[in-house]
Amino acid sequence: MADRSVPLAVYVPGASVIHRLPAGVKLLALVAAGAAVLAISSPTAAGIAVAVAVLGFALARLSLRYAWRGVRPTWIFLLGIFAFQWWSADLARAIGVVGSIVALLLAATLVSLTTRTTDMIGAIVWLLGPLRSLGVNPDRVALQLALGVRAVPLVAELAETARQAQYARGRRGSPRAFAVPLVVRALRRADAMSDALHARGLDD
């Protein structure tokens, strides 16, 4: 099991079957999961999707605390989506939609934790290689997609840090005490990432 002290968005080395899967296979599975989210509205289907994602963590020999930490910071947004879907449709629809989103969050977190960034970028470049003739730059697209996948658990990690700071200040019931530090941390992390890309000549 992985150490809880390891940052959520960082690759966790391992020799599990999930770790050994080619990065391209995991990315294609993630894309398929994203497409499935658009079609899932059944609570049963959503439950199966969440169960499969949780099974992935078990196969990767990662603590389920990672799964919880990948979803917990988004609970207020999920609650809002749930309420809207229940109001505009029905309870079954609300459970199905929120369940499918949770499954996708878990899947993105799992891919991020079990796939090196270099492998992820290499797989995307290979998959998009045929599009070079159409003027597409696979290297740039790969970098953007890889950063996008990393962003899901990274934002969750930042949100968890902001929530812990909120509780430490005794302002548990204040949305502003959570939202403001989260936005500030996210902007700082974005600036740091921008500086790193600029240093590598990838800022254009």
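Residues numbered from 1 in each chain as written. Predicted model: local features only at pLDDT ≥ 70, side-chain atom pairs only at ≥ 80, totals over all residues. Heavy atoms only, no water.

Student: Sorry if this is basic, but what is going on with the packing of helix H3 (residues 43-59) against helix H6 (residues 91-114) here?
Tutor: The geometry of a pair of packed helices is captured by two quantities: the angle between their axes and the separation between those axes. At a closest axis distance of 8 Å, the pairing of H3 and H6 adopts a crossing angle of 20°. Classified by the angle their axes make, H3 and H6 are roughly parallel. As for the relative orientation of H3 and H6, their crossing is left-handed in sense. Here H3 contributes Pro 43, Ala 46, Ala 49, Val 50, Ala 53, Val 54, Gly 56 and Phe 57 to the contact with H6, which in turn contributes Ala 92, Ile 95, Gly 96, Gly 99, Ser 100, Val 102, Ala 103, Leu 106, Ala 107, Thr 109, Leu 110 and Leu 113. Residues that form the contact of H3 with H6 fall into these classes: 15 nonpolar, 5 polar and no charged. (Axes fitted to C-alpha atoms, helices over the stretch in contact; angles between N-to-C directions. Helix = DSSP H or I, 4+ residues; strand = E, 2+ residues; numbered from the N terminus. Parallel < 35°, antiparallel > 145°, perpendicular 65-115°, else oblique. Left-handed = near helix turned anticlockwise from the far one by under 90°. Contact = heavy atoms within 4.5 Å. Nonpolar A, V, L, I, M, F, W, Y, C, P; charged D, E, K, R; others polar.)

Student: Where do I start with the nonpolar core in this structure?
Tutor: One recurring pattern in soluble globular proteins is that nonpolar side chains are buried together. Judged by nonpolar contacts, the single largest core of 15 residues is most densely connected at Phe 57, Leu 62, Tyr 66, Val 102, Leu 106, Leu 110 and Leu 113. Listed by contribution, the elements that provide at least two residues to this core are H3, helix H4 (64-71) and H6. Among the elements that make up this core, the one with the highest residue count is H6 (5 residues). Look past the residues within four positions of Leu 110 in its chain and what remains in contact with it is Ile 18, Ala 53, Gly 56, Phe 57, Ala 60 and Leu 62. Residues Ala 107, Val 111, Met 120 and Val 125 belong to the second largest nonpolar core, which totals 12 residues. (Core = buried A, V, L, I, M, F, W, Y, C linked by side-chain atoms within 4.5 Å. Buried < 20%, exposed > 50% of the residue type's maximum accessible area, 1.4 Å probe, protein only.)

Student: Explanation requested: unusual backbone geometry in the structure shown.
Tutor: A negative phi angle is the norm for most residues apart from glycine, just as the trans form is the norm for most peptide bonds. Positive phi is not limited to glycine here, since Arg 61 has a value of about 60°. Among the structural elements, Arg 61 can be located in the loop between H3 and H4.

Student: For this particular structure, what's the right way to read a nonpolar patch on the surface?
Tutor: Among the surface-exposed residues, Trp 75, Ile 76, Phe 77 and Leu 79 lie close enough to one another that they form a single nonpolar patch of about 430 Å² accessible area. Tracing the chain through its elements places Phe 77 in helix H5 (residues 75-88). (Patch = residues over 30% accessible without salt bridge, like charges linked within 9 Å, V, L, I, M, F, W, Y side chains within 5 Å. Areas by Shrake-Rupley, 256 points an atom, 1.4 Å probe, with all protein chains shown as cover. Salt bridge = Lys/Arg side-chain N within 4 Å of Asp/Glu carboxyl O.)

Student: I'm lost on the packing of aromatic side chains in this one. Help?
Tutor: Summed over the entire model, instances satisfying the criterion amount to 2 aromatic pairs. Taken together, a centroid distance of 5.7 Å and an interplanar angle of 70° make the contact between Phe 82 and Trp 86 edge-to-face. Linking Phe 82 with Trp 86, this pair stays in helix H5, spanning 4 residues, or about one helical turn. Assessed through its relative accessible area of 22%, Phe 82 is described here as partly exposed. Looking at Trp 86, the relative accessible area reads 46%, which means it is partly exposed. (Phe/Tyr/Trp six-rings, centres within 6.5 Å; stacked < 30°, edge-to-face > 60°.)

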